[in-house]
Amino acid sequence: MSTNILSVGALESEAIYILREVVAQFEKPVLLFSGGKDSITLVRLAQKAFYPAKIPFPLLHIDTGHNFPETIEFRDKLVKELGVELIVRNVQDNIDAGKVKEETGKYSSRNILQTETLLDAIEEFGFDACIGGARRDEEKARAKERIFSVRDDFGQWDERNQRPELFDMLNGRIDIGQNVRVFPISNWTELDVWSYIQKEGIEIPSIYFAHQRETFIRDGLIWSANDEVVYREEDEKIEQRTVRFRTVGDMSCTAAVLSNASDIDKVVEEIRVSRISERGARIDDKRSEAAMEKRKQQGYF
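The residue count restarts for each chain, going from 1 along the sequence in the order it is written. Selection of residues for local features in this predicted model requires a pLDDT of at least 70, selection of side-chain atom pairs for listing and counting requires 80 or more, and totals for whole chains, interfaces and linings are taken over all residues. Based on all heavy atoms of the structure, the side-chain values leave hydrogens and waters out of the count.

1. Topic: the packing of helix 2 (residues 37–50) against helix 6 (residues 190–200)
Now for step 1: Lines fitted to the C-alpha atoms define the axes, with helices restricted to the stretch that makes contact. Angles between their N-to-C directions range from 0 to 180 degrees. Helix numbers and strand numbers start at the N terminus; a helix is a DSSP run of H or I with at least 4 residues, a strand a run of E with at least 2. At their nearest, the axes of helix 2 and helix 6 sit 10 Å apart, and the two run at 55° to each other. With respect to their mutual orientation, helix 2 and helix 6 come out oblique. As helix 2 packs across helix 6, the resulting crossing turns out to be left-handed. Listed contacts from helix 6 to Lys37, Asp38, Thr41, Arg44, Leu45 and Lys48 of helix 2 are Glu190, Val193, Trp194, Tyr196, Ile197 and Glu200.
Now for step 2: Any residue outside Ala, Val, Leu, Ile, Met, Phe, Trp, Tyr, Cys, Pro, Asp, Glu, Lys and Arg is labelled polar, Gly included; the first ten of those are nonpolar and the last four are charged. By residue class, the composition of the contact of helix 2 with helix 6 is five nonpolar, one polar and six charged. The labels follow the angle: roughly parallel below 35 degrees, roughly antiparallel above 145, roughly perpendicular from 65 to 115, and oblique for the rest. Definitions for this section: a left-handed crossing has its near helix turned counterclockwise from the far helix by less than a right angle. A right-handed crossing has that turn clockwise. We call two residues in contact when some of their heavy atoms are within 4.5 Å.

Structure, rendered in structure tokens:
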């Protein structure tokens, strides 16, 4: 895995072109914001794409209620600094209404429950283009996505029925009820994202850097010990470890890695020599061989 400043510059130009095409071709776009490094990178790209004006679309966060506290704190700080609109919709509301059923037990997670809440929000606001930070190098199902990826009026994705995108021509025409998921950093790698964050001096949540944390081991992975959110057996002993997170999802489905990378330069160097995918620490991807693809077909990010 390698990168350089010139290649990152070319990727930035491509992403800015895509974001401007979204605003030109769609009536009500929105940026799906998780508080993770990829969506933070999208925010910086949107700033550059429309400067000196403000970002011309809101941010939408589907809050599971099981987020890392550092992520939520960073989200609120960033939104306040930028003066952008933030829309939050909560998975807990759908659980309370009986629209989705919460999982229980050792591998329970609210991650899959986000889909229903996201589709409800798209319908509520009439969003016709949802900008997300998915990248093709993350996972094989995401590698199949086009940059403009059409969803039907049920929010579903059909990987066998996608539009060609020859010569970087992006076709935003959709039928009534359809919407498009847009992936401006689809061609970036994890290292590209980190190199861009390094080059731009972008602030990110502290959770991405090495820190002392109460953790426990399960199935060879390191979990954050938060008994209100993360299921833990009595024999799973809590210990202090120096860890960081390469990807940030829910506490219940995102494992940490042992690391001494306490600043951006050390993180970039660590990623440069890593031979393990960042999604290797996401337990929700391990439920089946086609776990991500099935979730995407149902309307997931």
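2. Some details on helix 7 (residues 264–273)
In an α-helix, one turn spans 3.6 residues, which is why side chains three or four residues apart end up on the same side.
Now for step 1: All buried positions along helix 7 are accounted for by Val267, Val268 and Ile271. Along the long axis of helix 7, the arc covered by the buried residues comes to 100°, so they all point the same way.
Now for step 2: Elements that come into contact with the buried residues of helix 7 comprise helix 6 and strand 9 (239–244).
Now for step 3: Between a side-chain oxygen at the N-terminus of helix 7 and the backbone nitrogen of Asp265 the separation is 3.2 Å; the capping residue is Asp263. A simple rule labels every residue: compare its accessible area, found with a 1.4 Å probe on the protein chains alone, to the largest value its type can have, and call it buried under 20%, exposed over 50%, or partly exposed in between. Throughout, the arc means that of the directions going from the helix axis to the C-beta atoms. Think of a polar contact as two N or O atoms within 3.5 Å of one another; within protein, one of them needs to be a possible hydrogen donor and the other a possible acceptor, and neighboring residues in sequence only count if both atoms come from side chains.

3. Side note on the sheet that holds strand 10 (residues 257–258)
Now for step 1: Spatial ordering of the open sheet is given by 8-7-9-10, a layout of four strands whose pairing is antiparallel. Looking at strand neighbours, the two that pair on one side only are strand 8 (221–224) and strand 10, the edges of this open sheet.
Now for step 2: At least two bridges found by DSSP between two strands are what make those strands a pair. As paired elements, strand 9 and strand 10 share two bridges and run antiparallel to each other. Opposite Val243, over in strand 10, you have Leu258 as the bridge partner.

4. Concerning the sheet that holds strand 2 (residues 59–63)
Now for step 1: The strand order across the open sheet formed by six strands is 3-2-1-4-6-5, and the pairing between neighbours is mixed. Each of the sheet's edge strands pairs with one partner strand only, and the pair in question is strand 3 (86–90) and strand 5 (148–151). Direction aside, neighbouring strands of the sheet carry axes that sit 30° apart on average.
Now for step 2: Looking at chain direction, strand 2 and strand 3 are connected through five bridges and run parallel. From the neighbouring strand, Ile62 faces strand 3, where its bridge partner is Arg89.
Now for step 3: Contacting strand 1 (29–32), strand 2 and strand 4 (129–131), helix 2 crosses the sheet at an angle of about 140° to strand 1.
Now for step 4: Sitting on the sheet, helix 3 (residues 69–82) is in contact with strand 2 and strand 3, with an inclination near 160° to strand 2.

5. Here we look at the packing of helix 6 against helix 7
Two numbers describe a pair of packed helices, the interaxial angle and the distance between the axes.
Now for step 1: Where helix 6 meets helix 7, the closest approach of the two axes is 10 Å, and the angle between their N-to-C directions is 165°. Considering the angle they form, helix 6 stands roughly antiparallel to helix 7. The way helix 6 lies across helix 7 gives a crossing that is left-handed. For the pair helix 6 and helix 7, the contacting residues are Glu190, Leu191, Trp194, Ser195, Ile197 and Gln198 in the first and Ile264, Asp265, Val267, Val268, Ile271 and Arg272 in the second.
Now for step 2: A breakdown of the residues in the contact of helix 6 with helix 7 according to their chemical character gives seven nonpolar, two polar and three charged.

6. So, helix 2
Now for step 1: Relative to the 20 Å expected for 14 residues at 1.5 Å per residue, helix 2 spans 20 Å between its end C-alpha atoms, a close match to the ideal helical length.
Now for step 2: Those residues of helix 2 that fall on the buried side of the exposure criterion are Lys37, Asp38, Ser39, Ile40, Thr41, Leu42, Val43, Leu45, Ala46, Ala49 and Phe50. Multiplying 1.5 Å by the helix residue count minus one yields the expected span of that helix.

7. Examining the pattern of salt bridges
Now for step 1: Criterion for a salt bridge: a side-chain nitrogen of Lys or Arg within 4 Å of a carboxyl oxygen of Asp or Glu. Under the defined criterion, the tally for this structure stands at 20 salt bridges.
Now for step 2: Across the pair Lys77 and Glu81 runs a salt bridge, and its minimum N-O distance is 2.9 Å. Placement of both Lys77 and Glu81 in helix 3 is noted, with a separation of four residues, approximately one turn of the helix.
Now for step 3: Residue classification places Lys77 among the partly exposed residues on the basis of a relative accessible area of 36%.
Now for step 4: Between Arg246 and Glu190 there is a salt bridge, with the nearest N and O atoms lying 2.6 Å from each other. Pair noted here: Arg246 is in the loop between strand 9 and strand 10 and Glu190 is in helix 6, with a separation of 56 residues, a long-range link.
Now for step 5: Given a relative accessible area of 8%, Arg246 falls into the buried group.

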